[in-house]
Amino acid sequence: MKPSNPCFIFLLSLTVVSSSLGFYLPGLAPVNFCESKGDAEECQTDIQLFVNRLDSVESVLPYEYDAFDFCKDTDERRPSENLGQVLFGERIETSPYKFSFKADKTCVKVCTKSYDAGSKEDKLKLDFLKKGMELNYQHHWIVDNMPVTWCYIVEGDQKVCNPGFPIGCLVNEEGKPKDACVINADFNKKNTFYVFNHVDITIVYHSGDETNGMHARLVAATLEPQSIKHSNDENPTCEGAPMDIPADFKSNLKVTYTYSVTFKQNDDIRWASRWDYILVSMPHTNIQWFSIMNSLVIVLFLSGMVAMIMLRTLHKDIARYNQIDQEDAQEDSGWKQVHGDVFRPPRMGMLLSVFLGQGTQVFIMTFITLFLACLGFLSPANRGALMTCSVVLWVLLGTPAGYVSARLYKTFGGENWKTNVLLTAFLCPGIVFVDFFLMNLILWVEGSSAAVPFGTLVAILALWFGISVPLTFMGAYFGFKKTGIEPPVRTNQIPRQIPQQSFFTKAMPGIIMGGILPFGCIFIQLFFILNSIWSHQMYYMFGFLFLVFIILVITCSEATILLCYFHLCAEDYHWWWRSFLTSGFTAVYLFIYAVHYFFSKLQIIGAASTILYFGYTSIMVLIFFIFTGTIGFFSCFWFVNKIYSVLKVD
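Residues numbered from 1 in each chain as written. Predicted model: local features only at pLDDT ≥ 70, side-chain atom pairs only at ≥ 80, totals over all residues. Heavy atoms only, no water.

Q: Give me the sheet that holds strand β16 (residues 244-246): which residues, what numbers.
A: On the basis of which strands lie adjacent, the open sheet formed by three strands has the order β12-β13-β16 and antiparallel pairing. Edge strands, defined here as strands with exactly one partner in the open sheet, are β12 (168-171) and β16. Strand after strand, the sheet turns through a mean of 25 degrees between neighbouring axes, direction not considered. Relative to β16, strand β13 (residues 192-195) runs antiparallel, the two sharing three bridges. Paired with F193 across the two strands is I245, which belongs to β16. Helix α2 (residues 120-134) contacts β12, β13 and β16 of the sheet and is inclined by roughly 90 degrees relative to β13. (Pairing = 2+ DSSP bridges. Helix = DSSP H or I, 4+ residues; strand = E, 2+ residues; numbered from the N terminus. Axes fitted to C-alpha atoms, helices over the stretch in contact; angles between N-to-C directions. Contact = heavy atoms within 4.5 Å.)

Q: Lay out the layout of surface pockets with the relevant residues and their values.
A: The gaps of empty space that remain are located by a probe, the size of a water molecule, rolled over the atoms. Here the second largest pocket defines a volume of roughly 530 Å³. For the second largest pocket, the lining is made up of 26 residues, of which F50, I142, D144, N145 and R383 are closest to its centre. Among the elements of the structure, β1 (46-51) and β7 (141-143) are those that each provide at least two residues to the lining of the second largest pocket. With four residues, the single largest contributor to the lining of the second largest pocket is β1. (1 Å grid on protein atoms, 1.4 Å probe; cavity = no way out; pocket = protein on both sides within 12 Å on 5 of 7 lines; lining within 4 Å. Points joined across faces, edges and corners; volume = space filled by probe spheres on them.)

Q: Break down empty space enclosed by the protein for me, citing the residues and quoting the values.
A: Counted by the stated rule, this structure contains four cavities of 30 Å³ or more. Put simply, the second largest cavity is a space of about 80 Å³. Along its surface, the second largest cavity is lined by 13 residues, and Y97, H139, W141, F196 and Y257 are the ones closest to its centre. A class-by-class count of the residues in the lining of the second largest cavity yields 10 nonpolar, three polar and no charged. (Nonpolar A, V, L, I, M, F, W, Y, C, P; charged D, E, K, R; others polar.)

Q: Can you break down helix α13 (residues 542-569) residue by residue, with the values?
A: If you check α13, its first and last C-alpha atoms are 40 Å apart, about what 28 residues at 1.5 Å a residue would give, namely 40 Å. Among the 28 residues of α13, 25 are classified as buried, and the element is accordingly described as predominantly covered. Positioned one or two residues after α13, E571 has a phi angle of 65 degrees, which is positive. (Expected span 1.5 Å × (residues − 1). Buried < 20%, exposed > 50% of the residue type's maximum accessible area, 1.4 Å probe, protein only.)

Q: Report on the packing of α13 against helix α16 (residues 607-645), specifying residues and quantitative values.
A: Contact pair α13 / α16: the axes reach a minimum separation of 8 Å and the direction vectors enclose 50 degrees. Our classification of the angle between α13 and α16 gives oblique. With respect to the hand of their crossing, α13 and α16 are arranged in right-handed fashion. Where α13 approaches α16, its residues F549, L552, V553, C556, S557, T560, I561, C564, Y565 and L568 are matched on the opposing element by F624, F627, T628, I631, G632, S635, C636, W638, F639, V640, I643 and Y644. Looking at the contact of α13 with α16 residue by residue, the class counts come to 17 nonpolar, five polar and no charged. (Parallel < 35°, antiparallel > 145°, perpendicular 65-115°, else oblique. Left-handed = near helix turned anticlockwise from the far one by under 90°.)

Q: Let's hear about the sheet that holds β1: which residues, and what values?
A: The antiparallel open sheet is built from four strands, whose spatial order is β4-β1-β7-β8. Either end of the sheet is taken by a strand with one partner, and the two such strands are β4 (93-100) and β8 (146-147). The sheet contact formed by β7 and β8 spans two bridges and is antiparallel. Its bridge partner lying in β8, V143 is registered against M146.

Q: Could you give an account of the pairing of β4, naming the residues involved and the relevant values?
A: Buried residues dominate β4, accounting for six of its eight residues. Relative to β4, β1 is paired through five bridges, and the arrangement is antiparallel. Considered in β4, the bridge of F50 is made with T94.

Q: Got a sec to walk through helix α12 (residues 516-534)? Specific residues and values, please.
A: The axis of α12 is deflected most strongly, by about 45 degrees, at F523. Every buried residue of α12 is listed here: P518, F519, G520, C521, I522, I524, Q525, L526, F528, L530, N531 and W534. Looking one or two places after α12, you find H536, whose phi comes out positive at around 60 degrees. (Bend = angle between axes of the 7 residues up to and from the residue.)

Q: Give me the lowdown on a nonpolar patch on the surface, citing residues and values where you can.
A: Side chains of V434, F437, L438, L441, W444, F454 and V458 sit close together on the surface and give an oily, nonpolar patch of about 620 Å² of accessible area. Looking at the nonpolar patch, the elements with two or more residues in it are α9 (417-446) and α10 (454-481). (Patch = residues over 30% accessible without salt bridge, like charges linked within 9 Å, V, L, I, M, F, W, Y side chains within 5 Å. Areas by Shrake-Rupley, 256 points an atom, 1.4 Å probe, with all protein chains shown as cover. Salt bridge = Lys/Arg side-chain N within 4 Å of Asp/Glu carboxyl O.)

Q: So what's going on with the state of the cysteines? Residues and values would help.
A: Summed over all chains, the structure comprises five disulfides. Each disulfide pairs two cysteine sulfurs, and for C34 the partner residue is C43, the sulfurs being separated by 1.7 Å. Across the S-S bond of C34 and C43 the torsion is about 60 degrees, and the bridge reads as right-handed. The pair C34 / C43 is uniform in exposure class, with both members buried. Cysteine pairing for the protein (bonded cysteines numbered in sequence order): 1-2, 3-5, 4-10, 6-7, 8-9. (Disulfide = S-S within 2.5 Å.)

Q: Please give an account of the nonpolar core that cites residues and values.
A: Side chains of nonpolar character tend, in soluble globular proteins, to be buried together. Grouped together as the largest cluster of nonpolar side chains are 133 residues, with contacts concentrated most on Y97, F99, W141 and Y257. Examining the composition of this core, we find that 14 residues originate from one element, α13, more than from any other. Setting aside anything within four residues of it in sequence, one finds W141 in contact with L49, F50, V51, Y65, Y97, M146, P147, V148, F165, V199, I201 and L223. Formed by 28 residues, the second largest nonpolar core is a distinct cluster that contains W575, W577, C636 and V640. (Core = buried A, V, L, I, M, F, W, Y, C linked by side-chain atoms within 4.5 Å.)

Q: I'd like a description of the pattern of salt bridges, backed by residues and values.
A: Tallied over the full model, the rule gives 16 salt bridges. Measuring nitrogen to oxygen at the nearest pair gives 4.0 Å for the salt bridge that ties D55 to R53. Summarising the burial analysis for this pair, D55 and R53 share the class buried. Shared partners join several salt bridges into a network, and the residues in it are E64, D66, E76, R78 and E93.

Q: Break down the side chain of D73 for me, with residues and values.
A: Mapped onto the elements, D73 comes out in the loop between β3 (59-63) and α1 (83-87). A relative accessible area of 8% places D73 in the buried class. There is a polar contact of 2.7 Å between the side chain of D73 and the side chain of T94. Discounting residues that sit within four places of it in the chain, D73 has contacts with T94, S95, P96 and K98. (Polar contact = N/O pair within 3.5 Å; in protein donor to acceptor, adjacent residues only side chain to side chain.)

Q: Tell me about the packing of aromatic side chains, and name the residues and values.
A: The final tally for this structure, using the stated rule, is 64 aromatic pairs. Judged by centre distance (6.1 Å) and plane angle (35 degrees), the ring pair of F519 and Y589 falls under tilted. Here Y589 lies in helix α15 (residues 586-600) and F519 lies in helix α12, a separation of 70 residues in the sequence. Three or more aromatic residues joined by ring pairs make a cluster, and in this case those are Y63, Y65, F68, F70, F128, Y137 and Y257. (Phe/Tyr/Trp six-rings, centres within 6.5 Å; stacked < 30°, edge-to-face > 60°.)

Okay, here's the thing in C-alpha cells:
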C-alpha cells in the first residue's frame, strides 16, 4: 500500500485495528544519491530515467516506447520483469534522458528526427505518431521507481498529478482543440497536430535526518511538457512557436527533442511518504467512506433479518415441532415438511461440485491477495506484484479445489471420480485460458506491447499442468478417501411433490433479486477498479477494498440464507443450485455495469479495442460468478444443516 492509504487489518473480528499513514511498502529499500563519486559504494551520482509502455483511454491497445519514433537509448537495457508485469503489458526500458544528481541542465538536445515527404517509411512512422496523438496516448516515465508526474490545476483550483503525460495533441478541422491542446492558446491551427518535444523536469530530493545529511533521497519527480519548434536543431534555445505537424504530410519535417532538469531540496517530504502528493490529488476518500457506510447499512439490515429468523421464527418452529406428535406434524406446513427431501442430491451434481471447488480456490486466493495488499506488500510501487501474487496463489491452491470438489461430489453420491477431478482441474481454467489466448492473438495482430510473449504462455501452461493440476489431483485423492458429508436427516425414497409456487417463490425471481444487494455493496468500489484497469488510473485503496470484500461475503451469505429460508417455507427443497445461482447472479449485474461503463465512461473506439474490452470483462465475470456463487452455496449449506440438525425426526 502506498502512503496515506488506510489499511484495515482484520485479525479476529471485523474491527478496524490499524489506519496507517506514511507506511511504506516492505521490501523496497531506498536509494541514496550524492554529488561526489568518492562514495560510490554508498550512493549513486547518475540518475536513470526509464520509459514504460504508452497507453490511452481511447484504446485498449498499449504500445512499447520503441513502437513510436522517439529518441532511443544507444545502450538500451531492460530490467527484469516479473510475471505480473508481462501479463499487464508493461515494457520498461532505459531512455536517452540521462542526468546527474544536482546537476541542473537547460535545453539539452536528445536527438532530432527527420521525416522525408518522399519516403514511404517516414510517412508510416509519422502517421503512427499522429495516430498516437489523435488517440491521446500517454508517456509513462519512471525515476527511482517513482512515476514522473504531470501536475496541473483543474476546476476549483485543485491540483491533479497524473502519472503520465501525452505525446501530443490535435486541433481538429473545426478548430476545436482536443485533450491537452486546451492548455495553450497558441495551439490554434486547424487540422494540425502539436507534439510535446520538450520537457521541463523537476526532481525534488530530501537530505535530512533520514541520511544524516550525508546523502539524499529522491522524493518527487514532476515534469511540464511543451511543444517548441526549435530554430536551431544543433544548438536549441527552447524558445519559439509550438512544434506543429500538419495533418497532410507534404513537406520535409524535423522534430528535435530536448529537456531541462532542475533539482530542488525539500526536507519536509520524507522518503516513506513520497507518493502522497500523487494520492492526495485523487479525491476519492469521501466517496469511499460513503460507499462503506452504504454497504454497512445493507449488512445491518440483512443481519437483523437473519437474526430475527434464527432467534424467533426458527426457534419457535423447532420447539413446537419437537413437542407435538409426528402424526400431528404431518398436518403442519413449511420448511419442516421437506426434511425428507431437502438433502436429496441435486441434478448435475458433477458440475456444481466442480464450480464449488474452483470457487473455493478463487475465494482463498482473493482473501490472501487482498490481505497482503492491505499490509503493503502488493503496492503499485512494487510493479506487477498484485498479478504475480494472484497467479502464484491460484497455482498453489489446487489442493483445496480438488478436495472440496471431490468431497461434495461424493456427498452427492457421484461415482465418476475421474471425470470430476479432470473437470475441476481443466474446466474453468481452460475457459479462462482460451479466452485469454484469443485476446492475446488480437494483441499480437495489432502489434501491442500487451501481447504476452510465446515463452510466457508456455510458462503459464507449465505452472498450470506442472503444479496446479497435480495439486488438484492430490486434493481430490484426499477428498475421495474421506466419507461424504452425512446429512442430519434421512432422505425419503420417493420425492415429495412441490406445491404450486407464487411468483416470488419461483426460482428465477429469487435468483434475480438475490444479486441486487451484494452488487449494491460493491458498485462504487467497482467504479474505481474499472478506472484503474481501463482508464489507467492508480489503484491504491486496498484497505477499503479489503473491507468491501468482507462486506460482500457477509451480504452474499445473508441474502442467500434469507431467500433459501423463504423457498423452504414454500416447501420447495431444490436449494442446491438455487443457493449457488442466487449470489452468483451478482456477476450478471457486474456485466451489465461493465457494459454501462463502456458506453458512458470510456471513449474507446475501434473493433479490436471493443472485442478486447468485452473479452477480458468476460473473464472477470466468470471468476466473479464462481466466487460469489460459492459463498452463497456454503452459507446456505451451513444454514440448512443447522436448522434440520435440531429436528427430532423418526
